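# A closer look at the structure
Chain by chain, the residues:
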Amino acid sequence: MKKFILKRLGLAAISLFLLSLTIFLLIRISGDPAVLLAEPGASAADLQAIRNQFGLDRPLWIQYLSFITHLFRGDFGQSFYYRTDVFDLYLSRLPASLLLASAAMVFSLIVGIPTGIIAAVRVNRWQDSIGKIFALLGLSMPSFWVGLVMILFFSVYLGWLPSSGSGTVWHLVMPAIALGWVFAAAHMRLTRSSMLEVLGSEYVKLARLKGLPEALVISKHAFKNALIPVLTLAGVNLVIMVNVAVIVETVFAWPGVGRLLFEGIAFRDFPVVQASILLGGTMIVLVNLLVDILYAVIDPRIRYEG
Amino acid sequence: MNGSGTVANSRSASGILTLPSRLAFLRSEGFPLIPSAILLTIMLVAIFANTLAPHNPEVGVLGDRFKPPAWQTNGTLDHLLGTDHLGRDVLSRLIFGARISVIVGLMVIIVAGFIGTALGIISGYLGRWVDQVIMRITDAWLALPALMLAIFLAAIVGPGVSNIIIILAAVWWTRYARVIRGEVLSVRERDFVRLAVVAGCSKWTIMRKHILPNVVNSAIVLATLQLGQVIIAEAGLSFLGVGVPPPQPAWGLMLADGKKGLMAGYWWLTVLPGSCIMLMVLSANLLGDWLRVKFDPQLRQL
């Protein structure tokens, strides 16, 4: 167990190292890094100041070490546009992103779990086919397009919901559905396959042999165990949602970290772009690590594989 | 084994399958005819865009801004699907947009598939430290969020069709490397590989002539399944302004432009490009699902 956790920790460390190294190297090989790190339209003297500040004339590995030490101190530089510390800026936007991701998660579970269970209980019948079509549609529509079409219907034609911004619950409805749509399909697929596996297991057969009514077997015996992998995936997906919401947040002008990344790109505010990627990537690596360890604790078989 | 029976019965006297009998055979195998036909049509439209498009997709007449499709009031037959905020013909832009989606989609899965398959074969066949190094890098790369990485890369190297292809391929090769390596591990234990070793074939020859043909099916299935995701990613990057640069007619870019007419209710600028993306992605997913079931019996139950 200890060995397994150490191995996973090592893997996560390698991931984070590669992430920081990739970003560090890309900035330096894609032309003059001083131009990226300086404000747009900086003078030659400003550029020289940046070169001195970051030591861009020193060997690469020394530069990387200094880059990493700054990151560990939580020093991601200053935003050109907002004139504040990038790390603080990111943290101030995070609650809005978490709110949106939570709402999208609730939507995706409310839609995904019941449809998945119905599809599994009625496997290979028409309910299952409809479920498959639904899942395929979910995976085939870009989330930002779903958002745009919803704006067209519910804001422009019907005037029911606000098209952008934040503040009330009504502002949350459309971005949450747009973001949760793809995940609803993913959760439905997983609920279905997990439920099918549980329904074929010995203890469910025993419950049926005991003469329990089918509804009770499904709701009491099968449902709980089938839900474990779905909820684990949901935990990972919550973090992933925060990080893939860039486009949905842009469509609805939702003030989260995704919108911050978009503004960073649009205003050529490079420290913001760099910090968004580094922090988002770190979050995903850490949550994957957590899930791997949790799985190993719950299911000892996993430890011996690989 | 219904399918093979159908084939035997439908062979013509010369022993060559006729077109109708081939279609019947494919249908009996559950082959997704309609999605394949849609993909084929999109390919043809992409190839013959120059002949099919009624107008120049990048030049508009400002006097003809926001013209609705022909069947609505104020619509004209000259612009069947209306015009955008610069008076450019939407139909022509959709037609040329197909070319960009097809080029980007195919190039990305070919480049990513080539890199990933090569690394997977090398990793799986050579084993030991080579395997360790390649797989650790693959795992680390897999753990990173693909879309964010692509956005970051795109923000650095700047917009452009070839840049997008390189970026998406750099992000998407990992899945191939993982899956193909797993397949190679079982293929390399088979007798024909051992015989080839005894016969004195070089490692390079074995990997190319004996291993590759046995894993290429899996690579094709993966590529088809990824095609849709790649097209959605390209549309997303273009929508954000870091993908295909304007005034080129990419579908994602058209959606970004369509936002300018969204609040005024100019639905065709939003609904039409998105429907094209959905149609292409849905078709690719359906074809990919069928191929997966066909070539990978283990996944049949899922």
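Residues numbered from 1 in each chain as written. Chains lettered and ligands numbered in written order. Predicted model: local features only at pLDDT ≥ 70, side-chain atom pairs only at ≥ 80, totals over all residues.

## What about the overall build of chain A?
Along the backbone of chain A there are 14 helices and 0 strands. Each helix and strand of chain A, ordered N terminal to C terminal, gives the series α-α-α-α-α-α-α-α-α-α-α-α-α-α. In chain A, which comprises 306 residues, the share counted as buried stands at 37%. Intrachain contacts of chain A at a sequence separation of at least 6 include 70% that bridge at least 24 residues. (Helix = DSSP H or I, 4+ residues; strand = E, 2+ residues; numbered from the N terminus. Buried ≥ 20, exposed ≤ 12 C-beta atoms within 10 Å, placed from the backbone. Contact = placed C-beta atoms within 7 Å.)

## Remarks on the overall build of chain B
Within chain B, the secondary structure is distributed over 13 helices and 0 strands. Overall, the C-alpha framework of chain B stretches about 75 × 60 × 35 Å when taken along its three principal axes. A separation of at least 24 residues holds for 67% of the contacts in chain B among residues at least 6 apart in sequence.

## Section: the environment of threonine 22 of chain A
Summarising the element assignment, threonine 22 of chain A is placed in helix H1 (residues 2-29). Once the C-alpha coordinates of threonine 22 of chain A and glycine 10 of chain A are considered, the two residues, 12 residues apart in sequence, prove to be 18 Å apart.

## Some thoughts on H1 of chain A
In this model, H1 of chain A (28 residues) spans 40 Å end to end at C-alpha, consistent with the 40 Å of a helix rising 1.5 Å per residue. Elements that come into contact with the buried residues of H1 of chain A comprise helix H13 (270-298) of chain A together with helix H6 (128-143) and helix H7 (146-157) of chain B. (Expected span 1.5 Å × (residues − 1).)

## So, the interface of chain A and chain B
With 41 residues of chain A at the contact, the number on the chain B side is 38 residues. Among the residues making up the side of chain A that touches chain B, the classes are represented as 31 nonpolar, 10 polar and no charged. (Nonpolar A, V, L, I, M, F, W, Y, C, P; charged D, E, K, R; others polar.)

## What to know about the packing of H1 of chain A against H13 of chain A
All names here are of chain A. Orientation of H1 relative to H13, taken along the N-to-C sense of each, is 165°, at an axis distance of 10 Å. It follows from the interaxial angle that H1 and H13 lie roughly antiparallel. As H1 runs across H13, the sense of the crossing is right-handed. Across from Phe4, Ile5, Arg8, Leu9, Ala12, Ser15, Leu16, Leu19, Ser20 and Ile23 in H1, the residues of H13 making contact are Gln274, Ile277, Leu278, Gly281, Thr282, Val285, Leu286, Leu289, Asp292, Ile293 and Ala296. (Axes fitted to C-alpha atoms, helices over the stretch in contact; angles between N-to-C directions. Parallel < 35°, antiparallel > 145°, perpendicular 65-115°, else oblique. Left-handed = near helix turned anticlockwise from the far one by under 90°.)

## Side note on the nonpolar core
Grouped together as the largest cluster of nonpolar side chains are 160 residues, with contacts concentrated most on Met241 of chain A together with Ala150, Ile151, Phe152 and Leu168 of chain B. Tallying contributions element by element places helix H11 (residues 203-240) of chain B first for this core, with 17 residues. Once residues within four sequence positions are removed from consideration, methionine 241 of chain A is found in contact with Ala101, Ala104, Met105, Leu179 and Phe183 of chain A. (Core = buried A, V, L, I, M, F, W, Y, C linked by C-beta atoms within 7 Å.)

## Quick look at unusual backbone geometry
The omega torsion across proline 246 of chain B and proline 247 of chain B is 5°, close enough to zero to call that bond cis. Checked against the element boundaries, proline 247 of chain B lands in the loop between H11 and helix H12 (251-258). Phi angles above zero are rare outside glycine, and alanine 253 of chain A is one such case at about 50°.

## Overview of the packing of H12 of chain B against helix H13 (residues 268-295) of chain B
All names here are of chain B. Remark: H12 packs on H13, axes separated minimally by 8 Å, with the N-to-C direction vectors making an angle of 160°. As the angle between them shows, H12 and H13 are arranged roughly antiparallel. Here H12 runs over H13; the crossing is left-handed. On H13, the residues that touch Trp251, Met254, Leu255, Asp257 and Gly258 of H12 are Leu269, Thr270, Pro273, Gly274, Cys276 and Ile277. Across the contact of H12 with H13, the residue classes tally to 7 nonpolar, 3 polar and 1 charged.

## Section: the environment of tryptophan 170 of chain A
All names here are of chain A. On the secondary structure map, tryptophan 170 appears in helix H8 (residues 169-199). The spatial distance from the C-alpha of tryptophan 170 to the C-alpha of tryptophan 160 is 8.9 Å, given a sequence separation of 10 residues. Not counting residues up to four positions away in its chain, the partners in contact with tryptophan 170 are Leu161 and Pro162.

## Section: the confidence of the model for chain A
Looking at chain A, the pLDDT average stands at 82 and 95% of residues meet or exceed 70. The secondary structure element of chain A with the lowest average pLDDT is helix H14 (residues 301-304) of chain A, at 52, and the one with the highest is helix H5 (residues 86-121) of chain A, at 90. (pLDDT = per-residue confidence, 0-100.)

## What to know about the confidence of the model for chain B
All names here are of chain B. Summary statistics for chain B give a mean pLDDT of 82 and a share of 92% for residues scoring 70 or more. By mean pLDDT, helix H1 (residues 2-10) is the weakest element of chain B at 42, and helix H5 (residues 90-126) is the strongest at 91. Low confidence marks residues 1-13, where pLDDT is under 50. Its contacts with residues over four positions away, or in another chain, come to 14 contacts. The ipTM for the predicted assembly is 0.81, set against a pTM of 0.83.

## Some points on the environment of isoleucine 277 of chain A
Looking at the element boundaries, isoleucine 277 of chain A is found in helix H13. The sequence separation of isoleucine 277 of chain A and isoleucine 23 of chain A amounts to 254 residues, and the corresponding C-alpha distance is 8.7 Å. Those residues within four positions of isoleucine 277 of chain A in sequence are excluded, and the remaining contacts are Ile23 of chain A together with Met148 and Phe152 of chain B.

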